[in-house]
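Structural overview for review
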Amino acid sequence: MEVNGCLWDMWVEEALSKLESLKVLRSLRPIQLSGEIARQSTCNETSPSNPSQEFQVFDGPREWDRASVEVNISESTFQKWLHDVPSSGDDNDGMYDNIRADDKAEASKRKLRKLIIFSGNDYLGLSSHPMAAQAHGMGPRGSALICGYTNYHRLLESSLADLKRKEDCLLCPTGFSANMAFMTAVGNIGLLIAGGKPSKDDRVAIFSDALNHASIIDGIRLAEKQGNAVAFVYRHCDMSHLDALLLFSMDGDFAPMTELAKLRKKHGFLFVIDDAHATFVCGKSGGGAAEMFNCETDVDICIGTLSKAAGCHGGFIACSKKWKLLIQSRGRSFIFSTSTPVPVAAAAHAAVIVAKEEAWRRNAIWKRVQDFHASTGIQVESHIISLIVGREDKALQASR
């Protein structure tokens, strides 16, 4: 069984080696944003073209306009970039690890190199306009692989990796794109190892629950369409159909995590879960379903969203550094999407910390689950309550 578990690591390493030989292995280079953009002068500045000042506008460039193109990166990141050393984004050599908030500004000044962005999509420089946002504005606007990956994104990824007990994490624009990126990447393993379209026997076999989310279904369909994977759909929660891989549902019941962990040890499949609804809600520290059922080490990859319990926006894939390199190199929905705006990444990072520390919020949710059961008599397993009405028109009628 241990040999089977190592096979996936071997296949991922082989795929990464092929990508590197083809010079198409993509890297994340974290940009260090400087202190707050000076905007105090705007408070007393009048705008002749907008007397109402509901939205303040200006007749020429101001000091904050430079912020949309001027950034800093650490010297270690610069050297790795210069010598084309592959990176999953952890180039800061622990610069922000375990640093108190009031010390981060000072730490960020150490060994930094100023760069000018020529590759962003912020054509008019509006991301740093005082009417757009405070502090850093929206941040550099572009793909994370080009100029949209900052120290704020790295902080969020590190905190999510810690929450999910994984080596690393890849931040995605949405939970939908996270599943799409993963499915595209996992399908590419057979393609890369075979050096072309894989044979029927060399395709990746994906075993998917019948009630999986649309993002998982669409990702699987795309991998199948490309000829890199073959999907097998098993009846909802029916373990007799399962041989290899799982991504799970959104109907409010839990995947049989303990049984799945046992099957993983028996068959050596890659165990992947979509923990969209359980993240921050389930488990002692909010680590999700895997923490709740004490099988975190059995789950290889955890996909989730920041638009539910985190009250924010975006998606993530908690995984190993090798898997992260592969997904950021082959996951098209990640590669070709503009990165998460800096204020959103910063807000999500704060939400991760708060959700982990303020356990009373989780306790309150579970008390309401118990109260609902007591008052209605309906058997519920979680805070997601699914009432099956029938046809779509009947469901819409019931909703109204």
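Residues numbered from 1 in each chain as written. Predicted model: local features only at pLDDT ≥ 70, side-chain atom pairs only at ≥ 80, totals over all residues. Heavy atoms only, no water.

An unreviewed UniProt entry lists the protein chain under the name Aminotransferase class I/classII large domain-containing protein, from Rehmannia glutinosa. As stated in UniProt under Cofactor (unreviewed entry), the record for the protein chain gives "pyridoxal 5'-phosphate". The protein chain has a UniProt comment under Sequence similarities (unreviewed entry) that states "Belongs to the class-II pyridoxal-phosphate-dependent aminotransferase family. BioF subfamily." (UniProt positions renumbered as here; feature names shortened; annotations may be inferred.)

A word on the sheet that holds strand β8 (residues 315-319)
Across the sheet, four strands lie side by side as β3-β8-β7-β6; this open sheet has mixed pairing. The open sheet has two edge strands with one neighbour each: β3 (168-172) and β6 (272-274). Sheet twist, expressed as the average angle between the axes of neighbouring strands with direction ignored, equals 15 degrees. In terms of strand pairing, strand β7 (residues 301-305) meets β8 through four bridges, oriented antiparallel. Each bridged residue has a counterpart across the sheet, and for Gly304 the counterpart in β8 is Phe316. (Pairing = 2+ DSSP bridges. Helix = DSSP H or I, 4+ residues; strand = E, 2+ residues; numbered from the N terminus. Axes fitted to C-alpha atoms, helices over the stretch in contact; angles between N-to-C directions.)

Quick look at the packing of helix α5 (residues 175-194) against helix α6 (residues 214-225)
Each packed pair of helices is defined by two parameters, the angle between the axes and the distance between the axes. Here α5 crosses α6 at 30 degrees, and the two axes come no closer than 8 Å. By the angle between their directions, the pair α5 and α6 is classed as roughly parallel. In the packing of α5 onto α6, the handedness of the crossing is right-handed. Two secondary-structure elements touch here, α5 through Phe176, Asn179, Met180, Met183 and Thr184 and α6 through Ala214, Ser215, Ile216, Asp218, Gly219, Ile220, Leu222 and Ala223. Here the residues of the contact of α5 with α6 sort into eight nonpolar, four polar and one charged. (Parallel < 35°, antiparallel > 145°, perpendicular 65-115°, else oblique. Left-handed = near helix turned anticlockwise from the far one by under 90°. Contact = heavy atoms within 4.5 Å. Nonpolar A, V, L, I, M, F, W, Y, C, P; charged D, E, K, R; others polar.)

A look at the environment of Asn294
One can find Asn294 in the loop between α8 (289-292) and β7. C-alpha separation for the pair Asn294 and Gly283, spaced eleven residues apart in sequence, amounts to 8.7 Å.

As for the nonpolar core
Core analysis: the largest hydrophobic core is formed by 38 residues, its most contacted members being Phe182, Ile301, Ile317, Trp323, Leu326 and Phe334. Here this core takes eight residues from α5, the largest share from any one element. The residues touching Ile317, leaving out its near neighbours within four places in the chain, are Asp168, Cys169, Leu170, Cys172, Ala178, Phe182, Ile301, Cys302, Ile303 and Ile327. Counting 33 residues, the second largest nonpolar core, distinct from the first, contains Phe280, Cys282, Phe316 and Val352. (Core = buried A, V, L, I, M, F, W, Y, C linked by side-chain atoms within 4.5 Å. Buried < 20%, exposed > 50% of the residue type's maximum accessible area, 1.4 Å probe, protein only.)

Digging into the side chain of Lys324
With respect to the helices and strands, the residue Lys324 is situated in helix α9 (residues 321-330). On the basis of relative accessible area, Lys324 is assigned to the buried category, the value being 0%. Looking at Lys324, its side chain comes within polar contact range of the side chain of Glu157, at 2.9 Å. (Polar contact = N/O pair within 3.5 Å; in protein donor to acceptor, adjacent residues only side chain to side chain.)

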